[in-house]
Amino acid sequence: MIRVVLVGAAGRMGQAIWQAATGAADLLVTARIDRRENFSAEDGVWTDDAASVIHPGEVVIEFSSPAGAAEAAKLCAERGVPLVSGSTGLSAEQEEVLRSASARAAVLRASNFSIGVAALRRSLAAALSALPGSWDVEIVERHHRHKKDSPSGTALTLAADVQARRGLGPEALRHGRAGAVGPRPAGEIGMHSLRGGTWVGDHAVILAGEGETLELRHVAQDRAAFAHGALAAARFVSRAEPGLYGIEDLLERPGSAG
Ligand code: NAD
């Protein structure tokens, strides 16, 4: 039995992971951490004191906030507890806290835990190698009105994939357009963040050539898509050596994506 501590347990993802974990025979959620004002009346251990419930032998799954990710990573490193981290929008300093925690604990970090987005990234790699470099790339992402960071972590991951394949730097990213911007420069990656309603997560990469376009799109309709990936990641880190892992490590093991 893998013992799991959930950080950000009262949030949209925390609740989806709790739901998914209650249906899994090999996982037991031992504690749910969140801010006191967000505790639910459900049975079980709720606390805002992570230090009192994170012990060696457990796995932490964190979908909370950039600060929550860094706090969880520090504790996991101190106690040698594996961490699955899903929060997005981390600063460079917070990213560094997770990276250094991975010297002492297994840390699996992904901007998107759905298997469909992993397939989208592979499809994008195939499309970019099949198409001339002159084709324009635009990324359009849509999320619910409560999302805090823009663009989404997944959209930035997709842009980083394009940058790496085309040898482009961070200056290639163009966040929206307004005014007399003139013709589109070659080598630009357009990024457009839509916010509204209850969209769970929708990412489209549009490749535009002369007289034709190709659109690759993933739509998450339910947070269960991310929750099952996070649980598969918990199984993975529970057996892994200290180190920094990504969703690719999970998918490389046949049948492990759960
Ligand atoms: P949410 O706002 O619904 O929930 C976040 C919860 O975390 C809240 O209950 C909040 O009180 C709690 N929290 C915040 N900081 C905390 C801290 N320091 N300690 C303890 N609890 C804390 O948000 P959400 O939609 O569940 O998303 C959470 C994070 O996960 C966001 O960064 C989001 O972008 C990311 N996300 C990642 C994926 C993925 O696949 N990697 C998928 C969906 C969302």
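On a predicted model such as this, the values are computed, not experimentally measured, just so you know.

Calculation notes
- Position labels on residues start from 1 in each chain and follow its written sequence.
- In keeping with the predicted nature of the model, local features appear solely for residues at pLDDT of at least 70, side-chain atom pairs appear and are counted solely at 80 or more, and the whole-chain, interface and lining totals rest on all residues.
- To get the side-chain values, all heavy atoms of the structure are used, and hydrogens and water are removed first.
- By convention in this text, a residue qualifies as near a molecule or strand provided that one of its non-hydrogen atoms is within 4 Å of it.
- Polar contact is defined as a pair of N or O atoms within 3.5 Å, subject to the rule that within protein one atom must be able to donate a hydrogen and the other to accept it, and that residues adjacent in sequence are counted only when both atoms are side-chain atoms.
- In DSSP terms, a helix is any run of H or I states spanning at least four residues, a strand is any run of E spanning at least two, and both are numbered starting from the N terminus.
- We call Asp, Glu, Lys and Arg charged. Ala, Val, Leu, Ile, Met, Phe, Trp, Tyr, Cys and Pro are nonpolar, and the rest, Gly among them, are polar.
- What counts as a salt bridge is simple: a side-chain nitrogen of Lys or Arg found within 4 Å of a carboxyl oxygen of Asp or Glu.
- Burial status follows relative accessibility: with a 1.4 Å probe on protein chains alone, a residue under 20% of its type maximum counts as buried, one over 50% as exposed, and anything between as partly exposed.
- Two strands are counted as paired when DSSP detects at least two bridges linking them.
- Every crossover in which the path from the first strand over the helix to the second runs clockwise, viewed with the strands pointing away from the viewer, is termed right-handed.
- In summary, the pairing rule links any two rings of Phe, Tyr or Trp, Trp by its six-membered ring, whose centres are within 6.5 Å, and it sorts them by plane angle into stacked for under 30 degrees, edge-to-face for over 60 and tilted for everything else.
- The rule is short: NZ of Lys or CZ of Arg within 6 Å of the ring centre and within 35 degrees of the ring normal puts a charge over the ring.
- The contact criterion used throughout is that any non-hydrogen atoms of two residues lie within 4.5 Å.
- Fitted lines through C-alpha atoms give the axes, limited to the stretch in contact for helices. The angle between two N-to-C directions lies from 0 to 180 degrees.

## Quick word on the site of the ligand
Point 1. The local shell around the ligand holds 24 residues, among which Met13, Asp34, Asn38, Ser65 and Thr88 are the closest.
Point 2. Measuring from an oxygen atom of the ligand, one finds a backbone N or O atom of Met13 at 2.8 Å.
Point 3. Contact between the ligand and Gly86: a nitrogen atom at 3.2 Å from a main-chain N or O atom of the residue.
Point 4. The set of elements that each furnish at least two residues to the shell around the ligand consists of α1 (12-22) and α2 (66-79).
Point 5. Class assignment for the residues of the shell around the ligand results in 6 nonpolar, 11 polar and 7 charged.

## Details of the pattern of salt bridges
Point 1. As enumerated under the stated definition, the model contains 16 salt bridges in all.
Point 2. Measuring nitrogen to oxygen at the nearest pair gives 2.6 Å for the salt bridge that ties Asp26 to Arg235. Of this pair, Asp26 sits in the loop between α1 and β2 (27-33) while Arg235 sits in helix α6 (residues 224-238); the two residues are 209 residues apart in sequence, bridging distant segments of the chain.
Point 3. With a relative accessible area of 29%, Asp26 lands in the partly exposed category.
Point 4. Residue class for Arg235 comes out partly exposed when judged on its relative accessible area of 24%.
Point 5. One salt bridge connects Glu138 with Arg184, and the closest N-O pair in it is separated by 2.7 Å. Of this pair, Glu138 sits in strand β7 (residues 136-143) while Arg184 sits in the loop between β8 (173-175) and β9 (189-195); the two residues are 46 residues apart in sequence, bridging distant segments of the chain.

## Points about the pairing of β2
On a regular strand, each side chain points to the face opposite its neighbour's, so the side chains alternate between the two faces of the sheet.
Point 1. With 6 of its 7 residues buried, β2 lies for the most part within the structure.
Point 2. Pairing of strand β1 (residues 2-7) with β2, which is carried by 6 bridges, proceeds in the parallel orientation. In the strand pairing of β2, Ile2 is matched with Leu27.
Point 3. Regarding topology, α1 serves as the crossover connection from β1 to the parallel β2, and that connection is right-handed.
Point 4. Pairing of β2 with strand β3 (residues 46-47) involves 2 bridges; the strand directions are parallel. Residue pairing for β3: Arg32 is matched across the bridge by Trp46.

## Some thoughts on the packing of aromatic side chains
Point 1. Counted according to the given criterion, the structure contains 3 aromatic pairs.
Point 2. With a centroid separation of 5.5 Å and 55° between ring planes, the pair formed by Phe63 and Phe113 is classed as tilted. Here Phe63 is found in the loop between β4 (58-62) and α2, whereas its partner Phe113 is found in the loop between β6 (106-109) and α4 (115-130), with 50 residues between them in sequence.
Point 3. Centre to centre, the rings of Phe236 and Tyr245 are 5.1 Å apart; their planes meet at 75°, and the pair counts as edge-to-face.
Point 4. Given the relative accessible area of 5%, Phe236 is considered buried.
Point 5. Residue classification places Tyr245 among the buried positions, given a relative accessible area of 19%.
Point 6. Looking at Arg32, its charged tip hangs above the ring of Trp18, at a distance of 3.5 Å from the centre.

## Quick word on the sheet that holds strand β12 (residues 243-245)
Point 1. The 7 strands lie next to each other as β3-β2-β1-β4-β5-β6-β12, forming an open sheet whose pairing is parallel. Both edges of this open sheet fall to β3 and β12, since each of them pairs with a single strand only.
Point 2. The sheet contacts of α1 involve β1, β2 and β4, and relative to β2 the element is tilted by about 155°.
Point 3. Against the sheet, α2 makes contact with β4 and β5 (83-85), and its axis sits at roughly 165° relative to β4, the strand it touches most.

## As for the pairing of strand β11 (residues 213-220)
Point 1. With 8 bridges connecting them, strand β10 (residues 201-208) and β11 associate as antiparallel partners. Across the sheet, the residue bridging to Ala208 is Thr213, located in β11.
Point 2. Joining the antiparallel neighbours β10 and β11 is a turn of 4 residues, in which Gly211 adopts a positive phi near 75°.

## Considerations on the sheet that holds β7
Point 1. With mixed pairing, the 5 strands of this open sheet are ordered in space as β8-β9-β7-β10-β11. The open sheet has two edge strands, β8 and β11, and neither has a second partner. Pairwise comparison of adjacent strand axes, ignoring direction, gives a mean angle of 20° for this sheet.
Point 2. Alignment of β7 against β9, held across 7 bridges, turns out to be parallel. If you follow Ile139 over to β9, its bridge partner there is Met191.

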